[in-house]
Amino acid sequence: MQSHVFAVWDFMSLLKALQVQLTCTTIPWSPTPFPASRRFINEIVLGEESDLFEGRPISHFELYLEAMQQAQANTTPIRSLLSDVAHGSFSPSTVAAPAAAQAFVRSTFYEIHSGNLPATAAAFTFGREDIIPDIFRSLVRDLNASHAGELSKFVWYLDRHIEVDSEDHGPLSLRLVADLCANDDDRWEQAALAAESALEARLALWDGILSEIQST
């Protein structure tokens, strides 16, 4: 959790990068060129940034932090990052996180700073939304079997992602990529390369977490 929380956090930055490019976030307002994608991304933002947990609005990242506290996981590194962000001193190259999480955050912000819309959408879809449910299903089963009641917020977070990614966010993100790439072969090629890089970064993150677990 100490490492994975950084992926939960930078997911929101990836999502916001898409929202900035696909919707108008400046004043005065003006419509952007992709009306279907505007709707897709705003629906995803609503769920990720303002979901309901026990009747109260909360982002999935904030809920993950609460789950870490309940599990007595170390939140000092991620809170240090939040402090850097609040003080305007955040840099992807100097994140004080476990090595695997550092590398993952750098890869995410490299994609964000590229400004390539189809690539960013593909990294979001295939490196995050589309793959999450199958990864988390086995985790939920194991947690329920071995830590029943002790990690309830973490289990809720995992269950919620299985629900929304399978039923809503996953299909929406796939439609987002299709809408942005349309019949443009160059855009599909950019999206494919970005998807491959995102999956490689995700695999490296999980391998790094496994190494940390084995070393302790």
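Note that the structure is predicted; figures quoted are calculated from it, not measured.

Conventions adopted
- Residues numbered from 1 in each chain as written.
- Predicted model: local features only at pLDDT ≥ 70, side-chain atom pairs only at ≥ 80, totals over all residues.
- Heavy atoms only, no water.
- Helix = DSSP H or I, 4+ residues; strand = E, 2+ residues; numbered from the N terminus.
- Buried < 20%, exposed > 50% of the residue type's maximum accessible area, 1.4 Å probe, protein only.
- Patch = residues over 30% accessible without salt bridge, like charges linked within 9 Å, V, L, I, M, F, W, Y side chains within 5 Å.
- Areas by Shrake-Rupley, 256 points an atom, 1.4 Å probe, with all protein chains shown as cover.
- Salt bridge = Lys/Arg side-chain N within 4 Å of Asp/Glu carboxyl O.
- Lys, Arg positive; Asp, Glu negative; His and termini not counted.
- Charge placed at Lys NZ, Arg CZ, Asp CG, Glu CD.
- Polar contact = N/O pair within 3.5 Å; in protein donor to acceptor, adjacent residues only side chain to side chain.
- Phe/Tyr/Trp six-rings, centres within 6.5 Å; stacked < 30°, edge-to-face > 60°.
- Contact = heavy atoms within 4.5 Å.
- pLDDT = per-residue confidence, 0-100.

Structural notes on unusual backbone geometry
No. 1: Cis geometry is found at the peptide bond from Ile 27 to Pro 28, where omega equals 0°.
No. 2: Assignment of secondary structure puts Pro 28 in the loop between helix H1 (4–22) and helix H2 (35–49).
No. 3: Of note in the backbone geometry, Glu 54 takes a positive phi value of approximately 55° without being a glycine.
No. 4: By the secondary structure assignment, Glu 54 is in the loop between strand S1 (51–53) and strand S2 (56–58).
No. 5: Residue class for Glu 54 comes out exposed when judged on its relative accessible area of 67%.
No. 6: Even without being a glycine, Gln 72 presents a positive backbone phi close to 60°.
No. 7: With respect to the secondary-structure elements, Gln 72 resides in the loop between helix H3 (60–70) and helix H4 (76–86).
No. 8: The class for Gln 72 is exposed, based on a relative accessible area of 74%.

A closer look at H3
No. 1: In terms of residue burial, H3 counts as a mostly covered element, since eight of its eleven residues are buried.
No. 2: At the exit of H3 stands Gln 72, carrying a positive phi of roughly 60°.

Remarks on a negative patch on the surface
No. 1: On the surface, Asp 184, Asp 185, Asp 186 and Glu 189 cluster together to form a negatively charged patch.
No. 2: By secondary structure assignment, the location of Asp 186 is in helix H9 (residues 185–215).

Observations concerning the side chain of Glu 48
No. 1: Along the chain, the position of Glu 48 falls in helix H2.
No. 2: Engagement of the side chain of Glu 48 in a polar contact is seen with the side chain of His 60, the distance being 2.9 Å.

Quick notes on the packing of aromatic side chains
No. 1: If you walk through the whole model with that rule in mind, you get eight aromatic pairs.
No. 2: Aromatic side chains Tyr 64 and Tyr 157 sit 5.0 Å apart centroid to centroid with 80° between the ring planes, which places their arrangement in the edge-to-face category. Residue Tyr 64 is found in helix H3, and its partner Tyr 157 is found in helix H8 (residues 152–181); the two are separated by 93 residues along the sequence. Just as Tyr 64 is buried, Tyr 157 falls in that class too.
No. 3: A connected cluster of aromatic rings, assembled from ring pairs, spans Trp 9, Phe 90 and Phe 109.

Topic: the environment of Asp 84
No. 1: By secondary structure assignment, the location of Asp 84 is in helix H4.
No. 2: Distance in space between the C-alpha atoms of Asp 84 and Asp 186 is 38 Å, their sequence separation being 102 residues.
No. 3: Residue contacts for Asp 84: discarding those within four places in its chain leaves Ser 89 and Phe 90.

So, the confidence of the model for the protein chain
No. 1: Of the residues in the protein chain, 95% have a pLDDT of 70 or more, and the chain-wide mean is 89.
No. 2: Per-element averaging of pLDDT across the protein chain places helix H7 (residues 132–146) at the bottom with 74 and S2 at the top with 96.

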